[in-house]
Amino acid sequence: MIRYRLDPSDVSAVRFGISPLSELGLGLRAFRAPERYPLQRPWLERIAGVLPVLDRPVLAGLVDERRWVADFVNPRPDSPLGSIDDELRALGRISPARLRTDLERVHGSVPDVFVGRHEDVVDRLVRALATTWELCFAPYWPRMRRVLQADVTHRGRIAALEGVGAALGGLSESVRFDGRHVDVRLNSPIARDRPVQGEGLTLVPSVFVVRASTPIDDDLPPTVMYPARGQGAMWSTASHPDVGAVRDLLGATRAALLDALGEPASSTDLAMRFGVSTSAVNQHLRVMERGGLLNRTRYGRAVLYYRSAVGDALVRRE
């Protein structure tokens, strides 16, 4: 358990924030132990096809078997809604000491994948996280963000009507507030006591937290990551589309391309697969991307296309 001790001024300075990078970092725990995150199973199924493209050694080196995640990928948000680009730029400036210390707190030593010239290690780290964001999170971030923002709005309303204490006490069964202390029950058997002392307490909702989490390093600013409410409805759909109607709507060629893009592919790959010219495929892909049915990302020299959440909804058959 960790106890955050709040003075009266600290209670009034409690705030909420959303961090895309922290959500990515916590999401790595679902990669490690998917059975612990049943509400995110639909997301894991959607991204299964892109996992081979990711830098798995780097991602695996950020989380251990206890599902502890290196603190540098769980930053405390500086604003109500952080920017992934800003957070990755900040991560790119991490010091060698901070990188080493955070990894040692998780693993006891620095994993081999992070051994080497600091600039090269950090460059690979940032590229691995950026690619993971683009392929696994960006297509679904609007949906995730809506759940997180709705949670903040709900708890902000409780704080306004019933006081900050009511909002703190309702975060999770693992979090208790007695008027001066915020106690967070963790898996670690070590009891820790941390005065807030004017640093502020930030509450961060997440769709990848089952109970509650805090930074491993007690010297970091006080932060509680807690499970966002409403996750159960995040992946629900109102109805299942008729395959024939989708073909009539898009045309046979675009419907076939959309069906094929459950896994990332380049226009060259698709042209060879369907026996048509690359330029013709590119024309269809650009139209579908503008229409919101596809996302794209650069991987090396190739541009990969893959279905967006809207595209997924059109081809789902279950």
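Predicted, not measured: the structure shown is a model, and the values here were computed from it. (Residues numbered from 1 in each chain as written. Predicted model: local features only at pLDDT ≥ 70, side-chain atom pairs only at ≥ 80, totals over all residues. Heavy atoms only, no water.)

Check the secondary structure of the protein and you find 14 helices and nine strands. Taken against the 2.2 N^0.38 rule, which gives 20 Å for 318 residues, the C-alpha radius of gyration of the protein at 22 Å falls within 12% of a compact globule. In terms of principal-axis extent, the alpha carbons of the protein reach across some 70 × 50 × 30 Å. Out of the 318 residues belonging to the protein, those deemed buried represent 47%. Distance between charge centres in the protein, computed from 43 positive and 38 negative side chains, equals 4 Å. (Helix = DSSP H or I, 4+ residues; strand = E, 2+ residues; numbered from the N terminus. Rg over C-alpha atoms; globule rule 2.2 N^0.38 Å. Buried < 20%, exposed > 50% of the residue type's maximum accessible area, 1.4 Å probe, protein only. Lys, Arg positive; Asp, Glu negative; His and termini not counted. Charge placed at Lys NZ, Arg CZ, Asp CG, Glu CD.)

This brings us to the side chain of Asp71. Turning to its location among the elements, Asp71 is positioned in the loop between helix H4 (56-60) and helix H5 (84-91). Buried within the structure, Asp71 lacks any salt-bridge partner; its nearest side chain of opposite charge belongs to Arg105, at an N-O separation of 5.5 Å. Setting aside chain neighbours within four positions, we find Asp71 in contact with Arg98, Asp102, Pro215, Ile216, Asp217 and Leu220. (Salt bridge = Lys/Arg side-chain N within 4 Å of Asp/Glu carboxyl O. Contact = heavy atoms within 4.5 Å.)

One open sheet holds the three strands; their spatial order is S2-S6-S7, and the pairing between them is parallel. At either end of the open sheet lies a strand with only one pairing partner, and these are strand S2 (15-16) and strand S7 (223-227). Alignment of S2 against strand S6 (residues 202-206), held across two bridges, turns out to be parallel. Following the sheet pairing, Phe16 is matched in S6 by Leu203. (Pairing = 2+ DSSP bridges.)

Within the largest apolar cluster, 54 residues are counted, with the highest numbers of intra-cluster contacts made by Trp43, Leu62, Phe72 and Leu129. When neighbours within four sequence positions are excluded, Phe72 is seen to be in contact with Leu21, Leu62, Leu91, Ile94, Arg98, Leu99, Asp102, Leu103 and Leu125. Leu171, Val184, Leu186 and Val224 belong to the second largest nonpolar core, which has 18 residues in total. (Core = buried A, V, L, I, M, F, W, Y, C linked by side-chain atoms within 4.5 Å.)

What follows concerns the sheet that holds strand S5 (residues 192-195). Taken in spatial order, the four strands make up an open sheet running S3-S4-S1-S5, and their pairing is mixed. The two strands at the open ends of the sheet, each matched to only one other strand, are strand S3 (175-177) and S5. Put simply, the sheet's adjacent strands are angled 15° from each other on average, direction ignored. Here four bridges tie strand S1 (residues 2-5) to strand S4 (residues 181-184), and the two strands are oriented antiparallel to one another. (Axes fitted to C-alpha atoms, helices over the stretch in contact; angles between N-to-C directions.)

Mapped onto the elements, Arg67 comes out in the loop between H4 and H5. No salt bridge is formed by the buried Arg67, whose closest oppositely charged neighbour, Glu35, lies at an N-O distance of 6.9 Å. Reaching out from Arg67, the side chain makes a polar contact with the side chain of Tyr37 at a distance of 2.9 Å. Beyond its immediate sequence surroundings of up to four residues, Arg67 is in contact with Arg29, Ala33, Arg36, Tyr37 and Asn187. (Polar contact = N/O pair within 3.5 Å; in protein donor to acceptor, adjacent residues only side chain to side chain.)

Inspection of the entire model under this criterion finds 18 salt bridges. Asp151 is paired through a salt bridge with Arg155; the nearest N and O atoms lie 3.0 Å apart. Linking Asp151 with Arg155, this pair stays in helix H8 (residues 141-162), spanning four residues, or about one helical turn. Each member of the pair, Asp151 as well as Arg155, carries the same accessibility label: buried. For Asp218, the salt bridge identified is with Arg192, shortest N-O distance 2.6 Å. Taken as a pair, Asp218 in the loop between S6 and S7 and Arg192 in strand S5 lie far apart in primary sequence, 26 residues in all.

Let us look at the packing of aromatic side chains. A full pass over the atoms with the stated rule returns seven aromatic pairs. With centroids separated by 6.1 Å and ring planes inclined at 65°, the aromatic side chains of Phe137 and Phe208 adopt a geometry described as edge-to-face. Here the residue Phe137 occupies a position in helix H7 (residues 118-137), and Phe208 occupies one in the loop between S6 and S7, the gap between them amounting to 71 residues. Pairwise contacts between aromatic rings join Phe31, Trp43, Trp133, Phe137, Trp141 and Phe208 into one cluster. The ring of Trp68 carries Arg66 above its face, with NZ or CZ at 3.7 Å from the centroid. (Phe/Tyr/Trp six-rings, centres within 6.5 Å; stacked < 30°, edge-to-face > 60°. Lys NZ or Arg CZ within 6 Å of the ring centre and 35° of its normal.)

Further remarks concern helix H12 (residues 267-274). For H12, the set of buried residues is Ser267, Leu270 and Ala271. Buried positions in H12, seen along its axis, are confined to an arc of 100° and lie on one side of it. Set apart from the buried face of H12 by more than 90 degrees, the exposed residues are Met272 and Arg273. The secondary structure elements touched by the buried residues of H12 are helix H11 (252-260), helix H13 (278-290) and strand S9 (302-307). A positive backbone phi angle near 70° is found at Gly275, which sits one or two residues after H12. (Arc of directions from axis to C-beta.)

Close contact between H11 and H12 brings their axes to 12 Å; oriented N to C, the two are set at 120°. For the pair H11 and H12, the crossing hand works out as right-handed. Of the residues in H12, those touching H11 at Ala256, Leu257 and Ala260 are Leu270, Arg273 and Phe274. Among the residues forming the contact of H11 with H12, the class breakdown is five nonpolar, no polar and one charged. (Left-handed = near helix turned anticlockwise from the far one by under 90°. Nonpolar A, V, L, I, M, F, W, Y, C, P; charged D, E, K, R; others polar.)

Such coordinate-based values are descriptive only and should not be taken to indicate function.
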